[in-house]
Amino acid sequence: MKNPMPIKEPAAPRQHASAGPALPQPPEPSHAERIRTLLSLVSVGALSTMSRKHPGFPFGSLMPFALDLAGRPVFLISNMAMHTQNLKSDPRCSLFVGQAGVDGDPLGAARATFIGHAEPVPEHDAASIREQYLARHENSRYWVEFTDFSFFRLQCIDLYYVGGFGVMGWVEAGDYEHAAPDPLAEAAPGILAHMNADHLDSMILLARAYAQMEAVEATMTSVDRLGFSLRLRTKEGIKGTRINFLREVATAQETRKVLIEMVQQASQIAERSNDLKA
């Protein structure tokens, strides 16, 4: 696995439709790393090809995919499929990939759009592509040998990432290719489920201590090697914030340990504040 992308500051304000000045943001994974993480977790997207029947109009298809070693999406498609016929006429296409929202809000979930050209996989790459595809889609063994089916690969020329409200931006294809999935990618769903089911009070405490935000409800919507995001219900309405860990983590066990430390520190801050008020 390649090393994670260098930590980058967000290129744009994270506050959606804000008229005020941009606030300093804590370091977090780059958009390129976030897309690689998303693609490591999701294996079905929506492919839009250029319609042959209606020139100039996009034609959408549900599309299972795998990734080659450079992170490029790979499709196993039939010659009879309309999207295959479209691609043979015009290889320009886009692939949309999205992740289900943790709190039930699809607009708050991460998603990415790949723009590029999808063309048949060269014969010298066919064996490795076949292995990588079947590792993700075991059921495809039933038809992968059919002569009617063949592998196509999407060569990206540009990508667009949306990480929730106000988190968005273009990503260069080269940056994406050299990024790596977040080390917490597979563990993240379990961490989020546990925190949201059992630790509401702790998340409200963390928001108060580390983001200076008072909330009556809190949902952890994402977590990565550098920190986590909270969706908060406050007296002023729904707000979001990101809180960084005390140190970088790589496993669920390390995440649990650092969260416990942060809650303990937040409790001490709250106790000192109460003593001052007394």
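Residues numbered from 1 in each chain as written. Predicted model: local features only at pLDDT ≥ 70, side-chain atom pairs only at ≥ 80, totals over all residues. Heavy atoms only, no water.

Caption draft 1: Inspection of the overall build of the protein at higher detail. On a plain count of helices and strands, the protein comes out with seven helices and 11 strands. When burial is assessed residue by residue, the protein has 42% of its 278 residues classed as buried. Per element, the accessible surface of the protein, about 15,200 Å² overall, is 55% carbon and sulfur. (Helix = DSSP H or I, 4+ residues; strand = E, 2+ residues; numbered from the N terminus. Buried < 20%, exposed > 50% of the residue type's maximum accessible area, 1.4 Å probe, protein only. Areas by Shrake-Rupley, 256 points an atom, 1.4 Å probe, with all protein chains shown as cover.)

Caption draft 2: Main features of unusual backbone geometry. Look at Gln212: it is not a glycine, yet its phi comes out positive at around 55°. In this fold, Gln212 is placed in the loop between helix H6 (200–211) and strand E9 (217–223). Gln212 gets classed as exposed once you look at its relative accessible area, which sits at 63%.

Caption draft 3: Seen up close, the confidence of the model for the protein. Per-residue pLDDT for the protein has a mean of 88; in total, 87% of the residues score no lower than 70. Within the protein, helix H7 (residues 252–277) has the poorest average pLDDT of any element, 89, and strand E1 (residues 44–50) the best, 98. Overall, residues 1–23 carries pLDDT values under 50, and its contacts beyond four positions in sequence, including any with other chains, amount to 44 contacts. (pLDDT = per-residue confidence, 0-100. Contact = heavy atoms within 4.5 Å.)

Caption draft 4: View of H6. Compared with an ideal rise of 1.5 Å per residue, which puts 12 residues at 16 Å, H6 spans 16 Å between its outermost C-alpha atoms and is within 8% of the ideal. Regarding H6, the residues found buried are Ser202, Met203, Ile204, Leu205, Leu206, Ala207, Ala209 and Ala211. Once H6 finishes, Gln212 follows within two positions and takes phi at roughly 55°, a positive value. (Expected span 1.5 Å × (residues − 1).)

Caption draft 5: Inspection of the pattern of salt bridges at higher detail. Enumeration over the complete set of coordinates arrives at 15 salt bridges. Salt-bridge contacts for Asp125 lead to Arg153; the nearest nitrogen and oxygen are separated by 3.0 Å. Of this pair, Asp125 sits in the loop between strand E6 (111–120) and helix H3 (126–136) while Arg153 sits in strand E7 (residues 149–164), and the two are 28 residues apart along the sequence. Residue Asp125 shares its accessibility class with Arg153, and that shared class is buried. Beyond isolated ion pairs, a larger network of salt bridges with shared partners links Glu28, Arg34, Asp224 and Arg242. (Salt bridge = Lys/Arg side-chain N within 4 Å of Asp/Glu carboxyl O.)

Caption draft 6: Focus on the pairing of strand E5 (residues 92–98). Pairing of E1 with E5 involves four bridges; the strand directions are antiparallel. Within the sheet, the bridge partner assigned to Ser48 lies in E5 and is Ser94. Looking at chain direction, E5 and E6 are connected through seven bridges and run antiparallel. Pairing of Phe96 across the sheet is with Thr113, part of E6. (Pairing = 2+ DSSP bridges.)

Caption draft 7: Expanded view of the state of the cysteines. Using the criterion set out here, one finds zero disulfides in the structure. The thiol of Cys93 is not disulfide-bonded; the next cysteine sulfur, from Cys156, is found 8.5 Å away. The exposure class assigned to Cys93 is buried, which follows from its relative accessible area of 6%. (Disulfide = S-S within 2.5 Å.)

Caption draft 8: Geometry of the sheet that holds E9. Strand order in the open sheet formed by three strands is E9-E10-E11, with antiparallel pairing between adjacent strands. Each edge of the open sheet carries a strand with a single partner, namely E9 and strand E11 (237–244). Averaged over all pairs of adjacent strands, the angle between their axes in this sheet comes to 25°, without regard to strand direction. Relative to strand E10 (residues 227–234), E9 runs antiparallel, the two sharing six bridges. By the bridge assignment for E10, Met220 is matched with Leu230. Sitting on the sheet, H6 touches E9, E10 and E11, and the angle it makes with E9 is about 80°. (Axes fitted to C-alpha atoms, helices over the stretch in contact; angles between N-to-C directions.)

Caption draft 9: Region of interest: the packing of aromatic side chains. Enumeration according to the criterion identifies six aromatic pairs in this entry. Aromatic pair Phe114 and Tyr176: ring centres 5.4 Å apart, planes at 90°, arrangement edge-to-face. Remark: Tyr176 occurs in helix H4 (residues 173–177) and Phe114 occurs in strand E6; sequence separation between them is 62 residues. You'll find Phe114 and Tyr176 in the same group, each marked buried. Taken together, the aromatic side chains of Trp143, Phe146 and Phe149 make up a single cluster linked through ring pairs. Sitting over the face of the ring of Tyr176, Arg36 holds its NZ or CZ atom 5.2 Å from the ring centroid. (Phe/Tyr/Trp six-rings, centres within 6.5 Å; stacked < 30°, edge-to-face > 60°. Lys NZ or Arg CZ within 6 Å of the ring centre and 35° of its normal.)

Caption draft 10: A look at a nonpolar patch on the surface. A cluster of nonpolar residues, Ile115, Ile157 and Trp170, forms a patch on the protein surface that exposes about 320 Å² of accessible area. By secondary structure assignment, the location of Ile157 is in strand E7. On the basis of relative accessibility, which here comes to 54%, the residue Ile157 falls in the exposed class. (Patch = residues over 30% accessible without salt bridge, like charges linked within 9 Å, V, L, I, M, F, W, Y side chains within 5 Å.)

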